[in-house]
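As a plain string of letters, each chain reads:
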Amino acid sequence: MPRSKAEALLAEVRACTACAKALPAGPRPVVQFSSRSRLVIIGQAPGSRVHESGVPWDDRSGVRLREWTGLDGREFYDPAKVALVPMGFCYPGAGPSGDRPPRSECAPLWHDRILASLEARRLILLVGGFAQARYLPEARRQTLTEIVRHFAEHGPLFFPLPHPSWRSGIWMQRNPWFEAEVLPALRVAVRKALSEGDRQ
Ligand code: SF4
């Protein structure tokens, strides 16, 4: 059976070595998508644990993101429903204070082609400041807290979120509106995106 555009593109991504010289652990793109993905989650870059396992969001941040979105593991890892497309697909290595930022070559090289290959895209979650800087240029003068506070201004296509790292627990305590107002709206938007796909 001939491969779809998205399948051919996924094979191309997995063979990418464009910035190999800058990757201390070597290239290992960790992405998930299919032409039928309806929800796109754009995060930052894999950490060392995800680099080892090759499974996207296979860490505490992934557990928290699934809690936030209301997705169970079966849905989250189903490429017919969810595309997992970080700003950098390979582990960028450790820096002086945590992991290095996603490689800047990666999103310009791949994102437009991947998004164009999705037929049923309904909602894009922008998880963290790197994704928001690329997709919400009008929000560049705002802090992440302000962008998330005004999430409704970026719908229905985009939904900005903080990165669900351990730091987000402290941030949530300082910003109780996130749990009270944003997470319920997020779960509704995610369910709507997936159910619209079910009707196609
Ligand atoms: S980070 Fe992106 S551009 Fe660099 S090797 Fe991995 S897939 Fe290619």
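I will try to describe carefully the structure that is included in this document. (Residues numbered from 1 in each chain as written. Predicted model: local features only at pLDDT ≥ 70, side-chain atom pairs only at ≥ 80, totals over all residues. Heavy atoms only, no water.)

**Some points on the overall build of the protein chain**
No. 1: What the protein chain contains, in helices and strands, is 9 helices and 6 strands.
No. 2: The C-alpha radius of gyration computed for the protein chain amounts to 16 Å, which stays within 12% of the reference 16 Å derived for 200 residues, consistent with globular compactness.
No. 3: Expressed along its principal axes, the backbone C-alpha trace of the protein chain runs to roughly 50 × 45 × 30 Å.
No. 4: The proportion of buried residues among the 200 residues of the protein chain is 48%.
No. 5: The contacts in the protein chain between residues at least 6 apart in sequence include a share of 72% that link residues at least 24 apart.
No. 6: Entry remark: accessible area of the protein chain is about 10,200 Å², with carbon and sulfur atoms responsible for 53%.
No. 7: Put simply, the protein chain has 28 plus and 20 minus side-chain charges, and the middle of one group is 2 Å from the middle of the other. (Helix = DSSP H or I, 4+ residues; strand = E, 2+ residues; numbered from the N terminus. Rg over C-alpha atoms; globule rule 2.2 N^0.38 Å. Buried < 20%, exposed > 50% of the residue type's maximum accessible area, 1.4 Å probe, protein only. Contact = heavy atoms within 4.5 Å. Areas by Shrake-Rupley, 256 points an atom, 1.4 Å probe, with all protein chains shown as cover. Lys, Arg positive; Asp, Glu negative; His and termini not counted. Charge placed at Lys NZ, Arg CZ, Asp CG, Glu CD.)

**Quick word on the pattern of salt bridges**
Side-chain pairing between opposite charges can occur once the charged atoms of the two side chains come close.
No. 1: Counting across every chain of the model gives 7 salt bridges.
No. 2: One salt bridge connects R134 with D112, and the closest N-O pair in it is separated by 3.4 Å. Here the residue R134 occupies a position in helix α6 (residues 129-135), and D112 occupies one in helix α5 (residues 106-117), the gap between them amounting to 22 residues.
No. 3: Owing to a relative accessible area of 28%, R134 belongs among the partly exposed residues under this scheme.
No. 4: A relative accessible area of 52% means that D112 is categorised as exposed.
No. 5: Taking the shortest distance from any N to any O, the salt bridge between E181 and R149 comes out at 3.2 Å. Remark: R149 occurs in helix α7 (residues 144-149) and E181 occurs in helix α9 (residues 177-198); sequence separation between them is 32 residues.
No. 6: The exposure class assigned to R149 is partly exposed, which follows from its relative accessible area of 35%. (Salt bridge = Lys/Arg side-chain N within 4 Å of Asp/Glu carboxyl O.)

**Things to note about the sheet that holds strand β1 (residues 39-42)**
No. 1: With parallel pairing, the 4 strands of this open sheet are ordered in space as β2-β1-β5-β6. Looking along the sheet, the strands with just one partner apiece sit at the ends: β2 (82-84) and β6 (158-161). This sheet shows a mean twist of 20° between the axes of neighbouring strands, independent of strand direction. (Pairing = 2+ DSSP bridges. Axes fitted to C-alpha atoms, helices over the stretch in contact; angles between N-to-C directions.)

**With respect to the packing of aromatic side chains**
No. 1: Tallied over the full model, the rule gives 6 aromatic pairs.
No. 2: Look at W68 and F178: their rings are 5.0 Å apart centre to centre, the planes differ by 75°, and that puts the pair in the edge-to-face class. Here W68 is found in helix α3 (residues 60-69), whereas its partner F178 is found in helix α9, with 110 residues between them in sequence. Neither residue differs from the other here; W68 and F178 are each classed as buried.
No. 3: Relative to F159, the ring of F151 has its centre 4.8 Å away and its plane inclined at 20°; by these criteria the two rings are stacked. This pair shows no difference in class: F151 is buried, exactly as F159 is. (Phe/Tyr/Trp six-rings, centres within 6.5 Å; stacked < 30°, edge-to-face > 60°.)

**What to know about the environment of V127**
No. 1: On the secondary structure map, V127 appears in strand β5 (residues 123-127).
No. 2: Considering only alpha carbons, one finds V127 and A6, 121 residues apart in sequence, at a separation of 23 Å.
No. 3: Beyond its immediate sequence surroundings of up to four residues, V127 is in contact with I41, I42, G43, Q44, W57, L65, L161, P162, H163 and P164.

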